[in-house]
Amino acid sequence: MHALALARQRLRARLDSPSLRTPVRLARGLVKQGQPQYLPVLSSALAQDLLERGYDALTLERVYQNRAAGDLGMVGRVADRVVLDLPVHSALRERLQAFTGEICAAAVVAVRNGESEFRLLSSPCGLGQELLSAGERLRATRPETFARLRCWGVDPDPQGEILPEARRRARELGFRVGTEAPTGRAADGAPSIEFLREDLRRRRGVSALVRNHGPFHFICCPGLALSHSVAEVTELIGFYTGLLAPGGQIAVDRWQAAETTRLDRCLSVPITHMARSEFRRILEKAGLEPIREHMTGEGGCVVTLAQRPV
């Protein structure tokens, strides 16, 4: 009996080991949670990413691309498509489009009104999808506006692997990156972009940007509710409002309760839900005036555009 108990103990320790292969460890987690019926979803590489890392920058990239991967074979491709088609992921893709549209509209109006440069901050920026998506659209449709973009992205980037990739993509798109960026306004026909690795709770580097370059015309804050409580979101929005120029705008997404499937709940990552009235109070406390909302068709994501009064 003692030998059997010892064997069970060793097996349990092995299953709990961090070195255990990811699919096995995730499968064990589903069984422990009483959800063995969802074991087939582990044939999806995206599902494994969600269960392992949540909506980090690389997982979001796979959702935004909306392309089923073949890394786990044909079955994995089919499973990926099922996960990509979940309402929450459709909502995330619509969120990206809403941010992109609002950034472009604000930049075009600012340049039309005579601004020599359009200062834009994204925080947290991840791989900079919102900045680069807007840049790509403006380069194709409004090259004179694209040339006047002056962008900054801020992200904690815990492993130090996200921002280098964001810089590479920005350079490929035609941005002057980091030390390549001109010290004055972007008057040489090329937009500029810089990425700052900083914990959103520190804020020293972001505050220094305003002191050195002036307040921002636009700030986008994608995904605050994916990793912050209501109290933290309130504090962060108040802080970012103070970085806006008079008449500057801020775009923030919030999530409200929406109908979910069992698979949604199996793969769910904690998201802070906020009612419209609660979010309006946060904006009012920060001194912001709501302009409009973009509600996704499914998934419960709402992108709000608000303005600092002139």
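Residues numbered from 1 in each chain as written. Predicted model: local features only at pLDDT ≥ 70, side-chain atom pairs only at ≥ 80, totals over all residues. Heavy atoms only, no water.

**A few points about the environment of Ser-90**
The criterion, for reference: Helix and strand definitions follow DSSP, with helices as H or I runs of at least four residues and strands as E runs of at least two, each counted in order from the N terminus. Whether two residues are in contact is decided by their heavy atoms, any of which lying within 4.5 Å being enough.
Inspection of the secondary structure puts Ser-90 in helix α6 (residues 87-112). Measuring from C-alpha to C-alpha, the distance between Ser-90 and Gly-297 comes to 8.2 Å, with 207 residues separating the pair along the chain. Sequence-distant contacts of Ser-90, defined by excluding residues within four places in its chain, comprise Leu-84 and Asp-85.

**Observations regarding the sheet that holds strand β2 (residues 149-155)**
Filter applied, for reference: Strand pairing is assigned whenever DSSP detects at least two bridges linking the two strands. To obtain each axis, a line is fitted to C-alpha atoms, and for helices this fit is confined to the stretch in contact; angles are then taken between N-to-C directions over 0 to 180 degrees.
Pairing is mixed across the open sheet formed by eight strands, whose spatial order is β3-β4-β2-β1-β5-β6-β8-β7. Each end of this open sheet is capped by a strand with a single partner; those strands are β3 (176-177) and β7 (289-295). For strand β1 (residues 118-122) and strand β5 (residues 216-221), the ladder comprises three bridges, and the chain directions are parallel. Its bridge partner being in β5, Leu-121 is matched across the sheet by Ile-219. Against the sheet, helix α10 (residues 204-213) contacts β1, β2, β4 (192-197) and β5, and its axis sits at roughly 160° relative to β2.

**Observations concerning the confidence of the model for the protein chain**
The predicted coordinates ought not to be read in detail in places where the model reports low pLDDT. Applicable threshold: Note: pLDDT gives the predictor's confidence per residue, expressed from 0 to 100.
With 79% of its residues at a pLDDT of at least 70, the protein chain reaches an overall mean of 84. Note that residues 10-21 has pLDDT below 50 and, in this model, eight contacts with residues that lie over four places away or in other chains. In this model, residues 183-187 is a region of pLDDT below 50 whose contacts with residues beyond four sequence positions or in other chains number ten contacts.

**Structural notes on a nonpolar patch on the surface**
To keep it simple, the criterion reads: For patches, a residue must show more than 30% relative accessible area and have no salt bridge; joins then use 9 Å for like charges and 5 Å for nonpolar side chains, namely Val, Leu, Ile, Met, Phe, Trp and Tyr. Accessibility throughout is a Shrake-Rupley quantity obtained with a 1.4 Å probe, and a residue counts as covered only by protein chains that appear here. Here, a salt bridge means any side-chain nitrogen of Lys or Arg that lies within 4 Å of a carboxyl oxygen of Asp or Glu. Each residue is placed in one exposure class: buried if its accessible area under a 1.4 Å probe, protein chains only, is under 20% of its type's maximum, exposed if it is over 50%, and partly exposed if it falls in between.
Taken together, the side chains of Met-74, Val-78 and Val-82 present a nonpolar region at the surface, about 300 Å² in accessible area. Structurally, Val-82 can be placed in helix α5 (residues 73-84). Residue classification places Val-82 among the partly exposed residues on the basis of a relative accessible area of 45%.

**Considering the packing of aromatic side chains**
Quick reminder of the rule: Stacked, tilted and edge-to-face are the three classes assigned to paired rings of Phe, Tyr and Trp, where Trp is represented by its six-membered ring and a pair needs centres within 6.5 Å; plane angles under 30 degrees give stacked, over 60 edge-to-face, the rest tilted.
For the coordinates displayed, the defined rule picks out three aromatic pairs. Ring geometry for Trp-152 versus Phe-216: centroids 5.7 Å apart, planes at 75°, classification edge-to-face. Taken together, the positions of Trp-152 in strand β2 and Phe-216 in strand β5 put the pair 64 residues apart, joining distant regions of the chain. With respect to burial, Trp-152 and Phe-216 carry one shared label: buried.

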